Amino acid sequence: MKQFLLTLFISSVAMGIQAQDVEQKLKDKGIVLTAPSSPIANYVNAVRVGNLLYLSGKGPTKTDGTNITGKVGKDLTIEQGYEAARVTGINHLSVLKAELGNLNKVKRIVKVLGMVNCEGNFTDHPKVINGYSDLMVEVFGDKGKHARSAVGMGSLPGNIAVEVEVIVEVE
Amino acid sequence: MKQFLLTLFISSVAMGIQAQDVEQKLKDKGIVLTAPSSPIANYVNAVRVGNLLYLSGKGPTKTDGTNITGKVGKDLTIEQGYEAARVTGINHLSVLKAELGNLNKVKRIVKVLGMVNCEGNFTDHPKVINGYSDLMVEVFGDKGKHARSAVGMGSLPGNIAVEVEVIVEVE
Amino acid sequence: MKQFLLTLFISSVAMGIQAQDVEQKLKDKGIVLTAPSSPIANYVNAVRVGNLLYLSGKGPTKTDGTNITGKVGKDLTIEQGYEAARVTGINHLSVLKAELGNLNKVKRIVKVLGMVNCEGNFTDHPKVINGYSDLMVEVFGDKGKHARSAVGMGSLPGNIAVEVEVIVEVE
């Protein structure tokens, strides 16, 4: 009985440490999540079916409310596009936080559709969307590794540099 | 026992009213569903997995069989693009009706990918895809509120103005 | 008891025949699967949730490691685009083989997003993506019939002619 309780105690501590991992990582890295922007039309930030969360496409809205805009490869460098994809990822983390209360409930980042605003001769979409993918693996570790497409759009709303949609498995 | 049967009766009536809601709404609004067009290739209008229906991308085919074509913002106004998105939505309702027999079996419109045919300087994709989103909420109420991306395509089949694909949770 | 064992035997034989179908079909058709290319970034070829496999977008990488590149309708004919879509499909079969061990575990090709690299005036996307769809039905029969969108991208990574992503139901 004593041993059982001890095991239980150790498990709880271990789980507690793990459970604080993701939220702690964000703090360690200085990633600040703000309240996600609300859609201004007849749709929502996320819909849950079973243990899957379908997140609406988000863009690189900065904490001051402005967007990173322009066509990557023309108005923006690949590095600036990478940063825009990372900011987009942070906005998805904000949506996940608002939906789940705690980011440790994320079981797996399943599928990412990374859309880059660019002209017809652009070819480096993966290097741009890596900004999103790297963030997810930085934050969630192996749970952050996803299936992905990185493609080029002729245009995006408000001329944002990047838009990403994602499916997330949750506990 | 009497009270139980009464409750049962009232529940049935209430369910009956709710169950006729969506189909009745379509009649009230004069939305007429026709048989959905059949894919002329090796694919189908919808595939069901568990309680999810994945619908093929549809476009703004009118009841006379012709399509609303052209690039929004160039050949078509935003208002005409909105109308094209609404017509696309009606075509998805036709597919749902054909698959389910009764639109009241729709539990949730889950995820919409709204694709607008436009040139590189177009920025009002959300205003166009609202034609689809507004229809879904008009018809299904809160069940019609979905996760969404609204993006710009360089081109679409047959130069249609809009193409939308959708995932629907069904009973 | 005898009859039961006989039924069991016949069922096993029948299942055996069916089970070798897909792998045998590939041999009969001379379709050779190679090891799928590994993503060179923080993502993976496929993620499984329940009985669904989400496959990353793949392109027309040939067995010699080079890609079919160029814009369909400008640099490539529709027929060449069709072939690129077919090669893309073979690459997805390689991913499925690597994930599942045996292609007979494929229960249904659920949803295909077929993206064609082309200019704004291109209109024959379905004819291109048919190269992918035809392959799936050739290999999997009715299980290969999927929901689909076939759309035009302003650009794709490395200027590949086609990129496809797919959701597959597995046993």
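Cut-off values and rules
- Residues numbered from 1 in each chain as written.
- Chains lettered and ligands numbered in written order.
- Predicted model: local features only at pLDDT ≥ 70, side-chain atom pairs only at ≥ 80, totals over all residues.
- Helix = DSSP H or I, 4+ residues; strand = E, 2+ residues; numbered from the N terminus.
- Buried ≥ 20, exposed ≤ 12 C-beta atoms within 10 Å, placed from the backbone.
- Contact = placed C-beta atoms within 7 Å.
- Axes fitted to C-alpha atoms, helices over the stretch in contact; angles between N-to-C directions.
- Parallel < 35°, antiparallel > 145°, perpendicular 65-115°, else oblique.
- Left-handed = near helix turned anticlockwise from the far one by under 90°.
- Nonpolar A, V, L, I, M, F, W, Y, C, P; charged D, E, K, R; others polar.
- Least-squares fit on C-alpha atoms with pLDDT ≥ 70 in both.
- Pairing = 2+ DSSP bridges.
- pLDDT = per-residue confidence, 0-100.
- Expected span 1.5 Å × (residues − 1).
- Bend = angle between axes of the 7 residues up to and from the residue.
- Right-handed = clockwise from strand over helix to strand, strands pointing away.

K.L.:
Tell me about the overall build of chain A, and name the residues and values.
P.N.:
Across its full length, chain A holds four helices and five strands. When each of the 171 residues of chain A is scored for burial, the buried share is 50%. Here the contacts in chain A between residues at least 6 apart in sequence split such that 82% fall between residues at least 24 apart.

K.L.:
Now, about the packing of helix α3 (residues 78-100) of chain A against helix α4 (residues 125-140) of chain A: what can you tell me, with residues and values included?
P.N.:
All names here are of chain A. Following both chains from N to C, one finds α3 and α4 inclined at 40°, their axes separated by 7 Å at the closest point. The orientation of α3 relative to α4 falls into the category oblique. Of the two possible hands of crossing, α3 and α4 adopt the one that is right-handed. Residues I78, G81, Y82, E83, A84, A85, R86, T88, G89, I90 and L93 of α3 touch α4, and the partners they reach there are K127, V128, I129, N130, G131, Y132, L135, M136 and V139. Looking at the contact of α3 with α4 residue by residue, the classes come out as twelve nonpolar, five polar and three charged.

K.L.:
Explain the relation of the copies chain A and chain C to me, using residue names and the numbers behind them.
P.N.:
Both copies of the chain are tied together by a single rotation about an axis and a shift running along it. Rotating chain A by 120° and translating it 0.0 Å along the rotation axis places it on chain C, where the RMSD comes to 0.0 Å. The symmetry that links the two subunits is that of a three-fold axis. Closest approach to the rotation axis among the C-alpha atoms of chain A is made by G154 of chain A, whose C-alpha sits 2.7 Å away. Different-surface contact between copies: only 11% of interface residues of chain A are shared with the interface of chain C.

K.L.:
Talk me through the interface of chain B and chain A; I want residue IDs and the actual numbers.
P.N.:
By a frequent convention, interface size equals the accessible area lost on bringing the separate parts together. The interface of chain B with chain A comprises 27 residues on the first partner and 22 residues on the second. Contributing elements (two or more residues each) for the side of chain B that touches chain A: β3 (106-117), α4 (125-140) and β4 (147-153) of chain B. When residues of the side of chain B that touches chain A are assigned to their parent elements, the largest contribution, seven residues, is made by β4 of chain B. The residue makeup of the side of chain B that touches chain A, split by class, is ten nonpolar, ten polar and seven charged.

K.L.:
Outline the interface of chain A and chain C, supporting the account with residue identities and numerical values.
P.N.:
On the chain C side, the residues contacting the 27 residues of chain A number 22 residues. Those elements that place two or more of their residues in the side of chain A that touches chain C are β3 (106-117), α4 and β4 (147-153) of chain A. No other element matches the seven residues that β4 of chain A contributes to the side of chain A that touches chain C. Considering only residue class, the side of chain A that touches chain C consists of ten nonpolar, ten polar and seven charged.

K.L.:
Pulling in residues and values, what's your account of the sheet that holds strand β1 (residues 46-49) of chain B?
P.N.:
The strands that make up a sheet are held in pairs by hydrogen bonds between backbone atoms, and each pair lies either parallel or antiparallel. Residue and element names in this part refer to chain B. Spatially, the five strands line up as an open sheet ordered β1-β2-β5-β3-β4, and their pairing is mixed. The open sheet has two edge strands, β1 and β4, and neither has a second partner. Each strand axis lies, on average, 15° off the axis of its neighbour in the sheet, ignoring direction. Bridge count for strand β2 (residues 52-58) against strand β5 (residues 162-170) is five bridges, and the pairing is antiparallel. The partner of L52 across the bridge, within β5, is E169. Helix α3 (residues 78-100) rests against β1, β2, β3 and β5 of the sheet, and its axis sits at about 40° to β5. Those strands touched by α4 are β3, β4 and β5, and its axis lies near 160° from that of β3.

K.L.:
Tell me what's going on with the relation of the copies chain B and chain A, and back it up with residues and numbers.
P.N.:
Mapping chain B onto chain A leaves a residual RMSD of 0.0 Å; the transformation is a rotation of 120° accompanied by 0.0 Å of translation along its axis. Mapped onto chain A, only 11% of the interface residues of chain B again fall at the interface, so the copies present different surfaces.

K.L.:
Explain the confidence of the model for chain A to me, using residue names and the numbers behind them.
P.N.:
Within chain A, residue pLDDT values average 91, and 88% of them lie at 70 or more. The complex prediction reports pTM at 0.90, with the ipTM value standing at 0.88.

K.L.:
Please give an account of the sheet that holds strand β1 (residues 46-49) of chain A that cites residues and values.
P.N.:
Residues and elements named next belong to chain A. Pairing in this open sheet of five strands is mixed, and the strands run β1-β2-β5-β3-β4 from one edge to the other. At either end of the open sheet lies a strand with only one pairing partner, and these are β1 and β4. Neighbouring strand axes in the sheet, compared pairwise and without regard to direction, differ in orientation by 15° on average. Across the sheet, α3 is in contact with β1, β2 (52-58), β3 and β5 (162-170); its angle to β5 comes to roughly 40°. Packing of α4 onto the sheet brings it into contact with β3, β4 and β5, and relative to β3 it is tilted by some 160°.

K.L.:
Give a detailed account of the environment of G152 of chain A, specifying residues and quantitative values.
P.N.:
Structurally, G152 of chain A is set in strand β4. Separated by 85 residues in sequence, G152 of chain A and N67 of chain A place their C-alpha atoms 19 Å apart. Setting aside anything within four residues of it in sequence, one finds G152 of chain A in contact with V116, C118, F122 and H125 of chain A together with M153, G154, S155 and L156 of chain C.

K.L.:
Report on helix α4 (residues 125-140) of chain C, specifying residues and quantitative values.
P.N.:
Residues and elements named next belong to chain C. Between the first and last C-alpha of α4 there are 23 Å, a value that for 16 residues agrees with the 22 Å anticipated at 1.5 Å per step. Along its length, α4 shows its largest kink, about 35°, at G131. What α4 keeps buried is the set H125, P126, V128, I129, N130, G131, Y132, S133, L135, M136, V139 and F140. Looking one or two residues beyond α4, the residue adopting positive phi is G141, at roughly 65°.

K.L.:
Lay out the pairing of β3 of chain A with the relevant residues and their values.
P.N.:
Counting buried positions along β3 of chain A yields ten of twelve residues, so the element is predominantly enclosed. A crossover links β3 of chain A with its parallel partner β4 of chain A, the connecting element being α4 of chain A, and its sense is right-handed.

K.L.:
Any chance you could break down unusual backbone geometry for me, citing the residues and the numbers?
P.N.:
Residue and element names in this part refer to chain B. Of note, the phi angle at N159 is positive, near 60°, even though the residue is not glycine. Its location among the elements puts N159 in the loop between β4 and β5. Overall, N159 belongs to the partly exposed group, with 19 C-beta atoms counted inside 10 Å.

K.L.:
So, the environment of Q24 of chain B: which residues are in play, and what are the values?
P.N.:
Residues and elements named next belong to chain B. Within the element layout of this structure, Q24 appears in helix α2 (residues 21-28). Judged by the 12 C-beta atoms lying within 10 Å of it, Q24 is exposed. Separated by 115 residues in the primary sequence, Q24 and V139 place their C-alpha atoms 9.5 Å from one another.

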